[in-house]
Structures are given as structure tokens and as C-alpha cells.
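The residues making up each chain are set out below.
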Amino acid sequence: MSKSDYYEVLGVSKNSDPNTIKSSYRKLAMKFHPDKNPGDKEAEKKFKEISEAYEILSNPEKKQAYDTYGHEAFSQGAGGFSEGFGGGFGSFSDIFEDFFGDFGGRSSTKREQRGQDLKYEVEIDLREAFTGIKKEISFDTLIRCDDCSGSGSEKGSGLQDCGACGGSGRTRASQGFFTVERTCSSCGGAGQVITDPCSSCNGEGRRRKNRKLEVNIPAGVEDGSRIRLSGEGAIGQNGSSPGDLYLFVSMEEHQIFGRNGTEIFCNVPISIVDASLGGTVEVPTVSGGKVKVKVPAGSQHGDQFRLNGKGMPALRSTSFGDMIISLIIEIPKNLSENQKNILREFNDELDHSNSPERSGFFSKVKDFWDGLT
Ligand SMILES: [Zn+2]
Ligand SMILES: [Zn+2]
């Protein structure tokens, strides 16, 4: 029954900053997401563990409690933090719920609480990152209630101080080892309540809606790029200004190309004969075209060629990175008797000058042995 260490679960150290924790969580959550591992109980369990660990470590209050008391902080008796863990992401297409919490300095400015920021994960492939792409995304959000114009009040009714918090918007409660200050649940931190709430939105001034939005993902984005869409988040309470929408871009792996920033890498297999005699190989480029690359006679495994400007576009710039080709020299397999004989014949023809590396190595080995006596 012993629980794993939350830091271990997320593969981060105790001193990791919130961004590191977040990005590590994000990677793991994508990997073990039930949608990606249908029917895999292990993955599902892992996903729950990851979600739970992140739930705690992403919240400064909870993290501190965990750092001090360990899992004890959340066991029954200590109370307080037992809200359901691991609540599923929806599907990959509408991962929405991961609201940025309302911690971190967003103080309870009465009535003027800005709406929540929303996070949306979007996975794109290398070609889409190369060209940039418009994507239609759909997500659950909160929009203004039209019936009360966002005020939350039935026409003509007013506001009064909240009885639960006396107008401060915050309540304090003692929970196990520590005292927690929380946003007042009666007034949602506003400090005031509506005497005659709007019947359409129960006085919230907003309602839940699935929104579709066309977003521009610029050319050159990378795995982990974050795009902020100002004011596209959830609307605040009682008509206050909306939060922002953050797009988190993750990249699918490509089957041919590797990438590091604006550089593109490609391993190109060639035959031992082409490498020996020299020739041209046709290499695909990420732009969708192809380039002919001259391979000089006597090319070796791992030799690299740089193709200027054939890499990825730099973000918000007109420049392009380079493409780097590495030769993979393939030693022939499954030889026929005839082929073997030709190779044996060929071998008889070889002299030291054909393999300077090998000859050099053995003469050094000889020196080494001679030096020992
Ligand atoms: Zn309303
Ligand atoms: Zn209150």
C-alpha cells in the first residue's frame, strides 16, 4: 500500500522549479494517457499516479505540505486535500481541464477577478511545424451570460456583503497540521453576493460552453512551445475580463527526420559499393522536395554533409536552419555463394593503401606491444 514518492513519479528532483515539473508531467501524461494506451491497465495506473503527483506538486500549498509531512499530509485525518485525483483528461482533442490553479499571487481583488487561464495541448507533426498551420480547436470554457449581461443579478437587484467571509472573500480553516486560507466558497472570493441572482446562470454571470476557435500555429514552433492567446480564456465572474488561452505544442516524432531547434537530421543508408566508388544519393528534405548529394569515393560510415538552409524555419523569422545528413554504410547481408566468391576475390586484390585506418591501427598495436618488452 505504500505510495511512490511524488518526485520520483514525475522524474524530477525536489529542487526542480515549477516549469520543470510541469514539462515533465506533460511528457509523462502524454505518454501514459489512456487514449494512447487503450486497455492497458498498467498505463492507466501510471497515468493516475502521474496526475496525482502533479496535482500536489503543482500547487505550492500542497507541495509544501507534502515536502514537510510526506503522504501523511493527505491521509485521512489530516483532511482537506482529498479532492478526487486523476480525474480524466477528456480526449486528446479537448484536453481542457488543466486550469492553471488560482494560486500564485492572484489576490482576491473583489469582483474584479479575471477569468481563468485555459490550457490546451495540441500535437502537430514536423511538416505542420515547417509550414505553420491553422487549426480549429474546441474546448469547454465559460462565456458571458447574456440574460444578465454578465452581472449575475436579475434586473434591478443589487449586491450585499457575503455573510460567510464578512466581505473579505477569504476564509481560514484549520486542517490537520496546518491552517489553510482559501477562497470563500459562498461568494467565490468576490466578497459580495447577489441578492437576487440571475436565474439563467445562478448569479455567476457566465455559463459553460464549448467553444471552437481557429488558431494559428506559426512555422518554426518546437516541442514545448507555448502560444498565448490573450483574452481567449474563460470569462471572469460577473462579467470581469477573461483569462488567456495557452496552447502547448507538442511534436510527433518523424520517421525520417530528427530535429534540434532549426537543424534537421537525417540518416541516409548507402551501400558499401556506393560509398567505395562514390556517387550521388537523393535525399528528401523536410520541405517535401529532394536534394541530390554527392558522396565522394571512399566515404566512411558516419560521414556528415551539411545542406545550408534545408532545415526548419526559425520562429517568426525568414531564416532557415541547416540539414545535416549522416551516412549509414550498410554492410551487405545474406550473401549468395557467388557473391561471397567475388568478395574473396576482391579481398585478394586489396592492399594496405585500401584501408589506411586499419593498417594504421595495426601498426600502432605493434608499436604498443613492442613497447611493453
Ligand atoms: Zn445570468
Ligand atoms: Zn464570501
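A brief look at the structure comes next. (Residues numbered from 1 in each chain as written. Chains lettered and ligands numbered in written order. Predicted model: local features only at pLDDT ≥ 70, side-chain atom pairs only at ≥ 80, totals over all residues. Heavy atoms only, no water.)

Once that is clear, we can look at the coordination of the zinc ion (ligand 1). At 2.3 Å from the zinc ion (ligand 1) lie its protein donor atoms, namely Cys145 (SG), Cys148 (SG), Cys198 (SG) and Cys201 (SG). Classification of the site at the zinc ion (ligand 1) as tetrahedral follows from its 4 donor atoms and the range of 102 to 117 degrees in their angles at the metal. Between the donor residues of the zinc ion (ligand 1), the gaps in sequence give the motif C-x2-C-x49-C-x2-C. Accessibility classification places Cys198 together with Cys201 in one group, the buried group. (Donors = N, O, S within 2.8 Å, 3.2 Å for Na, K, Ca; no water. Tetrahedral: all angles 85-135°; square planar, octahedral: opposite > 155°, others 65-115°. Buried < 20%, exposed > 50% of the residue type's maximum accessible area, 1.4 Å probe, protein only.)

Here helix H3 (residues 41–57) contains 17 residues, and its C-alpha end-to-end distance of 24 Å stays within 8% of the 24 Å for a straight helix at 1.5 Å per residue. Within H3, burial applies to Ala43, Phe47, Ile50, Ser51, Glu52, Ala53, Tyr54, Ile56 and Leu57. Between the side-chain oxygen at the start of H3 and the backbone nitrogen of Glu42 there is a gap of 3.0 Å, and the oxygen is on Asp40. (Helix = DSSP H or I, 4+ residues; strand = E, 2+ residues; numbered from the N terminus. Expected span 1.5 Å × (residues − 1). Polar contact = N/O pair within 3.5 Å; in protein donor to acceptor, adjacent residues only side chain to side chain.)

Further remarks concern the sheet that holds strand E9 (residues 245–251). Taken together, the 3 strands give an open sheet; going across it, the order is E1-E9-E8, and neighbouring strands pair in mixed fashion. The two strands at the open ends of the sheet, each matched to only one other strand, are strand E1 (118–124) and strand E8 (226–229). The mean angle between the axes of side-by-side strands here comes to 25 degrees, regardless of whether they run parallel or antiparallel. Lying over the sheet, helix H2 (residues 18–32) contacts E1 and E9, oriented at roughly 60 degrees with respect to E9. (Pairing = 2+ DSSP bridges. Axes fitted to C-alpha atoms, helices over the stretch in contact; angles between N-to-C directions. Contact = heavy atoms within 4.5 Å.)

Moving on to the packing of H3 against helix H4 (residues 60–69). Two elements in contact, H3 and H4, have axes separated by 6 Å at closest approach and are oriented at 100 degrees. Between H3 and H4, the angle falls in the class roughly perpendicular. Taking contact as the criterion, the partners of Glu55, Ile56 and Leu57 in H3 are, on H4, Lys62, Lys63 and Tyr66. Tallied by class, residues from the contact of H3 with H4 come to 3 nonpolar, no polar and 3 charged. (Parallel < 35°, antiparallel > 145°, perpendicular 65-115°, else oblique. Nonpolar A, V, L, I, M, F, W, Y, C, P; charged D, E, K, R; others polar.)

Despite not being glycine, Asn202 has its phi angle at roughly 55 degrees, a positive value. For Asn202, a relative accessible area of 66% gives the class exposed. Despite not being glycine, Arg316 shows a phi value in the positive range, around 45 degrees. Looking at the secondary structure, you find Arg316 in the loop between strand E14 (304–307) and strand E15 (323–330).

Strand order in this open sheet of 4 strands is E10-E11-E15-E14, and the pairing throughout is mixed. Two strands bound the open sheet, and with one partner strand each, they are strand E10 (257–260) and E14. The mean inter-strand angle of the sheet, taken between neighbouring strand axes irrespective of direction, is 30 degrees. Sheet topology places E10 next to strand E11 (residues 263–271); 4 bridges connect them, and they run antiparallel. Bridge pairing in E11 links Arg259 to Ile264.

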